[in-house]
Amino acid sequence: IEKDSTIQATENELDETLQRITDGFLSMNLQGVCEYINLSAAQVFGKRPEDLVGKVLHNEYSYLRDYQIFSDFAVARDRQLPVSGEQYDHMLDRWYVYHIYPSAEGASVFFRDITEFRKTQHQLKEQDDAEQGRVAAREERGADETSGEQRRCQRPGVLATHEADRPGVRGGRGACAVGLPAAAW
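Residues numbered from 1 in each chain as written. Predicted model: local features only at pLDDT ≥ 70, side-chain atom pairs only at ≥ 80, totals over all residues. Heavy atoms only, no water.

## Some points on the nonpolar core
For the record, the criterion: We call a set of buried Ala, Val, Leu, Ile, Met, Phe, Trp, Tyr and Cys residues a nonpolar core when their side-chain atoms join them within 4.5 Å. Categorising residues by exposure relies on relative accessible area from a 1.4 Å probe, with only protein chains included: less than 20% of the type maximum marks a residue as buried, more than 50% marks it as exposed, and the intermediate range marks it as partly exposed. Put simply, DSSP H or I for four residues or longer makes a helix, DSSP E for two residues or longer makes a strand, and each gets a number counted from the N terminus. It only takes one pair of heavy atoms within 4.5 Å for two residues to be counted as in contact.
Formed by 22 residues in total, the largest nonpolar core has its most connected members in Leu26, Ile37 and Leu57. Among the elements of the structure, β1 (24-29), β2 (34-37), α2 (39-44), α5 (68-79), β4 (94-103) and β5 (106-113) are those that each provide at least two residues to this core. Discounting residues that sit within four places of it in the chain, Leu57 has contacts with Leu26, Gly32, Cys34, Phe45, Leu52 and Leu64.

Here's what the structure looks like:
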């Protein structure tokens, strides 16, 4: 009886731990029957954990068969190797990262919603692409924009010009009016 109560206490502690984590967690047997699912994972399906235990998720949600995670589960199970990946769920318009850990009895799956991360990543890429476009356009216009404009030289208080016909500028286009104070312009 003492051994049974210790086992029960350990099972309860494990259940409480898995229910507390915000990542989705589920355990499936070799046939894909859900043996355990935490609240976070069940909420993705719009169900309570007890509604999904004992069910084959890809039978309940047939669209899952088209997802990479479905084939990765088979790879992990058959090869007994962990598999990780990312999956876009078109039904929920969400991105998930997942980790599948196989065992002789089935597999454990952890997953996390990374939609906000992916949106931020996409926005940063768009900003970077736009900046790259601006840089390329400036480089393309380069000579046209700098013609006739004055710039500061590396020496404080000295101006440079790209005009060859400016008085006091020798060396033609791109020459620096070294030695002429900015006030002389």
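## A few points about the confidence of the model for the chain
Rules: Every residue is assigned a pLDDT by the predictor, reflecting its confidence on a scale from 0 to 100.
Per-residue confidence for the chain gives a mean pLDDT of 79; residues scoring 70 or more make up 73%. Averaged pLDDT values over the elements of the chain bottom out at 44 in strand β8 (residues 176-181) and peak at 96 in β4. Taken together, the stretch residues 147-153 has pLDDT below 50 and engages in 22 contacts with residues farther than four places along the chain or on a different chain. Note on residues 157-185: pLDDT under 50 across the span, and 60 contacts to partners over four residues away in sequence or across chains.

## Quick look at the pattern of salt bridges
Two side chains carrying opposite charge are able to pair once their charged atoms lie near each other. Stated precisely, the cut-off is as follows: Salt-bridge detection follows one rule: a side-chain nitrogen of Lys or Arg within 4 Å of a carboxyl oxygen of Asp or Glu.
Under the criterion given, the structure shown has ten salt bridges. With a shortest N-O distance of 3.7 Å, Glu116 and Lys119 are connected by a salt bridge. Of this pair, Glu116 and Lys119 are both found in helix α6 (residues 115-146), three residues apart, which corresponds to roughly one turn of the helix. The class of Lys119 is partly exposed, set by a relative accessible area of 43%.

## Observations concerning the packing of aromatic side chains
In plain terms, the rule: Pairing of aromatic rings covers Phe, Tyr and the six-membered ring of Trp, with a centre-to-centre limit of 6.5 Å; geometry is then stacked below 30 degrees between planes, edge-to-face above 60, and tilted otherwise. Geometrically, a charge over a ring is one whose NZ (Lys) or CZ (Arg) sits within 6 Å of the ring centre while staying within 35 degrees of the ring normal.
Evaluated as defined, the whole model comprises eight aromatic pairs. For the ring pair Tyr63 and Tyr67, a centre distance of 5.5 Å and an interplane angle of 70° mean the geometry is edge-to-face. Among the residues examined, Tyr67 registers a relative accessible area of 6% and is labelled buried. Plain terms: the ring middles of Tyr88 and Trp95 are 5.3 Å apart, the flat faces sit at 50° to each other, and that makes the pair tilted. The class of Tyr88 is partly exposed, set by a relative accessible area of 31%. A residue is classified by how much of its surface remains accessible, and Trp95, at 26% relative accessible area, is partly exposed. Ring pairs connect the aromatic residues Phe25, Tyr36, Tyr101 and Phe110, which therefore count as one cluster. Over the ring of Trp95 we find Arg118, and its NZ or CZ is 3.6 Å from the ring centre.

## Notes on α5
The periodicity of an α-helix, 3.6 residues per turn, causes residues three or four places apart in sequence to face the same way. The line we're drawing: Helix span, expected: 1.5 Å multiplied by one less than the number of residues in the helix. What the arc covers is the set of directions going from the helix axis to the C-beta atoms.
Helix length check: α5, at twelve residues, gives a terminal C-alpha distance of 16 Å against a target of 16 Å (1.5 Å per residue), a fit within 8%. Residues of α5 that are buried include every one of Asp72, Phe73 and Ala76, and no others. Each buried residue of α5 sits inside an arc of 110° when the element is viewed along its axis, so together they form one side. Seen from the buried face of α5, the exposed residues on the opposite side, beyond 90 degrees, are Asp78 and Arg79. As for α5, its buried residues are in contact with β1, β3 (83-89), β4 and β5. Following α5 by one or two positions, Gln80 adopts a phi angle in the positive range, close to 55°.

## Topic: the pairing of β2
This is how it is decided: One bridge is not enough; two strands pair if DSSP finds at least two bridges between them.
Taken together, the three bridges between β1 and β2 define a ladder with antiparallel strand orientation. Across the sheet, Ser27 pairs through a bridge with Tyr36, a residue of β2. Where β1 hands over to β2, the hairpin turn is made up of four residues, of which Gly32 adopts a positive phi near 90°.

## Brief notes about the side chain of His58
With respect to the secondary-structure elements, His58 resides in helix α4 (residues 57-60). When its relative accessible area of 19% is taken as the criterion, His58 is described as buried. The contacts of His58, once residues within four sequence positions are left out, are Gln31, Leu64, Arg65 and Phe70.

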